[in-house]
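Survey of secondary and tertiary structure
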Amino acid sequence: VTPEATATLGELPFSLDAEELERRSERALAAARASLDRLEAAPEPRTIGNTLEPLNRLLLEVHNVGNHGRFLFVTHPDPRRRDAGRRVGEAADRFFNEFRLREGTYRALRSLTLDGADPATRHAVEKMLRDMRRAGVELGAEQRGELRRLNDEVDRLANVFAENTNTLVRSIEVIDPTELDGLPEDYVRAHPPDAEGRIRLTTQYPDAYPVFGYATRPELRRRLMMEFLNRAYPENLPVLDRILACRFDLARRLGYPNFAEYIIEDKMMGSTGAARAFIERLAGLLGPTAARYRDRLLARKRRDLPTATALEPWDGGGWFGDFYDTRLRDEEYGVDTKLLREYLPYPRVRDGLLALCERLFDLTFHRRGPEELWDPRVEAYDVRWHGAPLGRFYLDLVPRPGKYNHAAQFEVRVGLEGLLLPQAALVCNFLDPSTPSELARMEYHDVITFFHEFGHLLHSLFSGHTRWLYTTQGFIEWDFVEAPSQLFEEWARDPATLRTFARHAETGAPIPEGLLARLKASESFGRANRWLIQLAASAASLAYYDRDPSGLDTTALLVEVMGRYHPMPPPPGTHFQAAWGHLTGYSALYYTYAWSLVISRDLLGRFHEKGTLTDPETARSYVEEILVPGSGRPANEMVRRFLGREFDFRAFEAWALAPPTPVEGPARAPAEGPAAPPP
Ligand SMILES: [Zn+2]
């Protein structure tokens, strides 16, 4: 399958003023509404040409108006444009909420003649009808009015939640510079004291994560983590309460016992019962290995503090922070993560990732010259596949006030066969704002996240050439959506891949072979514990939505449910749920990460069988069977076609419980590279 040459990128204005943006969007939505009216009024018989094609066009138009608005809302430096973007996104959401409940359109789609239609077209129509039925289109007018109002309200509240999370940054002040002991040199340089001698550390990732990983003063780690776990608190707690209430009300009106049951019904998992059983199964599997890991962290802590009886959240072993993990990796496995970041300057990582995609998928990247985007540090690339245009993407990796503050891939514009090329963006916060990108070093875990998000981006670009909006990637079963991104992380853990780009930021020396080998050997250290926490969080996300939320204390529930699976739930006085964006977007489906992981480990087996991750045949088959179809087939079927069988848990179980390999020889050979620390 090769993208056709006729689709174009079209216009994508990032610099329109707020009024013009809203005017244009209103015009586009009004035109779409008029088309929908015309379409409903058209005479029988209903065909793909007179009904499905025009419906698809108008839905795509509205979907992309919404994408554009939402994208400006999470990225634009100008608060007025962010606000206009939010309003545009909400207007598009309202259009979809209305569309799903339109009886006339539903009737038209049901009477569609599908003779001779291909399976993807049939699947698209099935999904549209199911979507409308699940939205309540078969209910009476009054009920439909209420459902629309509730859906509009949830969309609006989700934006309030996101805006609070993005704008309410917390910080601490440090007076004594020795409090920064243990942090990397470039971090200390990037955080000089102000005129009064105060150093400000914020809850933004490039500030916070190095403190949790490296700062030797526990008090500094504790102070920043307490702020970190209270982002958007207290503002977002009533917003979350309201979202839970609206969704519960929605589900009940639609005949479901709760919102979790409703939202899981059309996913791979199928029911809350299956989700619970899945969480239990994996938690049981990982528990003992995770406990042994935490014992080792505690034993290490006792060497610093002989009276310690427990790990604190800021010591590592919990949901955030990995101070003693970092220590043990260095002392027992010889992986000095501070040294490692010297070999991971951002430009080399980026270029290495792109070069990998060129080799693996026959993609070519053309960096676009300076142009008016939303921020001067954003990079834009045009992508070709086998020489034909595939789409465009943007990298926005530096934090800014008001910007989305986690890491994610966004659809900037959904593409469609013969019409539009897809555009996607990574909106992440890897790079310190005070350091030019060309000089920035990356934490190794950020490199993994970079590959993860790029896996989503590849999925968006490859799947952006289907015929129907309802077969693009965004309409896939939401519990499959993390599989392509988790799969792509594997290349960031592959020594052969790392060797191609990891070079010392100053000297250009290649990454020492010993360091690479030890990195690989220690890869599974802490893995079971990390995934046990993910399962605890999955159980919490399910618990928020599987009950009547009236009078619910979301803080108590988080601690209680997570504590059932993991002995280190969020500490007293914190409110992580106030900035837990997945609770609005993924709702009850946080288990998606663990479920997709089981699938992606199985998919990776086909690569590992070849003894190399870069076998071109396997890569081609992966692109064609998993990425290109978007959601034109059920996820289960795509997986079956790639594997030649149903997926199972064996690969995941072996991977999750794999012990770290013992490290032979001295942990740090002095001859290994110019930046090796003194013995
Ligand atoms: Zn992801």
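So, a few notes on the structure that sits alongside this text.

Parameters at a glance
Residues numbered from 1 in each chain as written. Predicted model: local features only at pLDDT ≥ 70, side-chain atom pairs only at ≥ 80, totals over all residues. Heavy atoms only, no water. Helix = DSSP H or I, 4+ residues; strand = E, 2+ residues; numbered from the N terminus. Rg over C-alpha atoms; globule rule 2.2 N^0.38 Å. Buried < 20%, exposed > 50% of the residue type's maximum accessible area, 1.4 Å probe, protein only. Polar contact = N/O pair within 3.5 Å; in protein donor to acceptor, adjacent residues only side chain to side chain. Contact = heavy atoms within 4.5 Å. Salt bridge = Lys/Arg side-chain N within 4 Å of Asp/Glu carboxyl O. Disulfide = S-S within 2.5 Å. Axes fitted to C-alpha atoms, helices over the stretch in contact; angles between N-to-C directions. Left-handed = near helix turned anticlockwise from the far one by under 90°. Nonpolar A, V, L, I, M, F, W, Y, C, P; charged D, E, K, R; others polar. Pairing = 2+ DSSP bridges. Expected span 1.5 Å × (residues − 1). Parallel < 35°, antiparallel > 145°, perpendicular 65-115°, else oblique. Donors = N, O, S within 2.8 Å, 3.2 Å for Na, K, Ca; no water. Core = buried A, V, L, I, M, F, W, Y, C linked by side-chain atoms within 4.5 Å.

Some details on the overall build of the chain
The helix and strand inventory of the chain stands at 26 helices and seven strands. A compact globule built from 679 residues should have a C-alpha radius of gyration of about 26 Å, and the chain, at 25 Å, falls within 12% of that. Its C-alpha atoms put the chain at 85 × 60 × 55 Å along the principal axes. Looking at the chain as a whole, 61% of its 679 residues qualify as buried.

Side note on the side chain of Arg 341
By the element assignment, Arg 341 lies in helix 14 (residues 337-342). Polar contacts involving the side chain of Arg 341 include one to the side chain of Asp 186, which spans 2.6 Å. When sequence neighbours within four positions are dropped, the list of residues in contact with Arg 341 reads Pro 184, Asp 186, Tyr 214, Arg 441, Met 442 and Glu 443.

Quick word on the pattern of salt bridges
With the rule as written, the count across this model stands at 76 salt bridges. One salt bridge connects Glu 53 with Arg 467, and the closest N-O pair in it is separated by 3.0 Å. Of this pair, Glu 53 sits in helix 2 (residues 48-75) while Arg 467 sits in the loop between helix 16 (444-462) and helix 17 (483-492), placing them 414 residues apart in sequence. Glu 53 gets classed as partly exposed once you look at its relative accessible area, which sits at 27%. Among the residues examined, Arg 467 registers a relative accessible area of 33% and is labelled partly exposed.

Here we look at the environment of Ala 505
Here Ala 505 is to be found in the loop between helix 18 (495-501) and helix 19 (513-521). A relative accessible area of 31% places Ala 505 in the partly exposed class. Sequence spacing of Ala 505 and Arg 156 is 349 residues, and the spatial spacing of their C-alpha atoms is 45 Å.

Regarding the state of the cysteines
A full pass over the atoms with the stated rule returns zero disulfides. Free cysteine: Cys 357, not disulfide-bonded; nearest cysteine sulfur from Cys 428 at 15 Å.

Topic: the packing of helix 4 (residues 103-110) against helix 5 (residues 119-135)
Orientation of helix 4 relative to helix 5, taken along the N-to-C sense of each, is 145°, at an axis distance of 10 Å. The interaxial crossing formed by helix 4 with helix 5 has left-handed handedness. Facing helix 4, whose interface residues are Thr 105, Tyr 106, Leu 109 and Arg 110, helix 5 presents Val 125, Met 128, Leu 129, Met 132 and Arg 133. Considered class by class, the residues forming the contact of helix 4 with helix 5 number six nonpolar, one polar and two charged.

Some remarks on the sheet that holds strand 6 (residues 408-413)
One open sheet holds the five strands; their spatial order is 3-4-5-7-6, and the pairing between them is mixed. A single partner strand is all that each edge strand has here, and the edge strands are strand 3 (363-367) and strand 6. For this sheet the average axis-to-axis angle between neighbouring strands, irrespective of direction, equals 25°. In this structure, strand 5 (residues 388-396) lies alongside strand 7 (residues 423-427), joined through five bridges in parallel fashion. Pairing of Tyr 394 across the sheet is with Ala 425, part of strand 7.

Notes on helix 23 (residues 592-608)
With 17 residues, helix 23 should cover 24 Å at 1.5 Å per step; its first-to-last C-alpha distance of 24 Å lies within 8% of that length. The buried count for helix 23 comes to 14 of 17 residues, which makes it a mostly enclosed element.

As for unusual backbone geometry
Following Glu 44, the chain continues into Pro 45 via a peptide bond in cis, with omega recorded as -5°. Relative to the elements of secondary structure, Pro 45 occurs in the loop between helix 1 (18-41) and helix 2. A cis amide bond links Tyr 233 with the next residue in sequence, Pro 234, at an omega value of 5°. Mapped onto the elements, Pro 234 comes out in the loop between helix 9 (218-228) and helix 10 (236-253). The backbone phi angle of Ala 232 is positive, close to 60°, even though this residue is not glycine. Among the structural elements, Ala 232 can be located in the loop between helix 9 and helix 10. Notably, Asp 362 is not glycine yet its phi reads approximately 60°, a positive angle.

Notes on the packing of helix 23 against helix 26 (residues 650-657)
Helix 26 packs onto helix 23 with a crossing angle of 100° between their chain directions and a minimal axis gap of 7 Å. By the angle class used here, helix 23 and helix 26 are roughly perpendicular. In this structure, helix 23 contributes Leu 597, Val 598, Arg 601 and Asp 602 to the contact, and helix 26 contributes Ala 651, Phe 652 and Trp 655. Broken down by class, the residue content of the contact of helix 23 with helix 26 amounts to five nonpolar, no polar and two charged.

What to know about helix 17
Since one α-helical turn is 3.6 residues long, residues separated by three or four positions face the same way. With 10 of its 10 residues buried, helix 17 lies for the most part within the structure. Elements in contact with the buried residues of helix 17: helix 15 (346-361), helix 16, helix 18, helix 20 (527-545), helix 23 and helix 24 (616-627).

Section: the coordination of the zinc ion
Surrounding the zinc ion are the protein donor atoms His 452 (NE2), His 456 (NE2) and Glu 482 (OE), at 2.0 to 2.1 Å. Read in sequence order, the donor residues coordinating the zinc ion give the pattern H-x3-H-x25-E. Here Glu 482 lies in the loop between helix 16 and helix 17 and His 456 lies in helix 16, a separation of 26 residues in the sequence. Given the relative accessible area of 8%, His 456 is considered buried.

Considerations on the nonpolar core
Residues Phe 454 and Phe 488 are the most contacted members of the largest nonpolar core, which totals 170 residues. The element contributing the most residues to this core is helix 20, with 13 residues. Those residues in contact with Phe 454 that sit more than four places away from it in its chain are Leu 353, Leu 354, Cys 357, Phe 365, Phe 393, Leu 426 and Phe 488. In terms of nonpolar packing, the next biggest core, distinct from the first, is built from 58 residues, Leu 21, Ala 28, Leu 59 and Val 88 among them.

What to know about the environment of Ala 407
In this fold, Ala 407 is placed in the loop between strand 5 and strand 6. In this structure Ala 407 comes out as buried when scored by relative accessible area, which is 13%. As a C-alpha pair, Ala 407 and Asp 446 span 39 residues in sequence and 9.6 Å in three-dimensional space. Every residue in contact with Ala 407, bar those within four places of it in the chain, is listed here: Val 427, Cys 428, Thr 449 and Glu 453.

Description of the side chain of Thr 497
Along the chain, Thr 497 falls in helix 18. Thr 497 has contacts with Leu 356 and Trp 491, leaving out every residue within four places of it along the chain.

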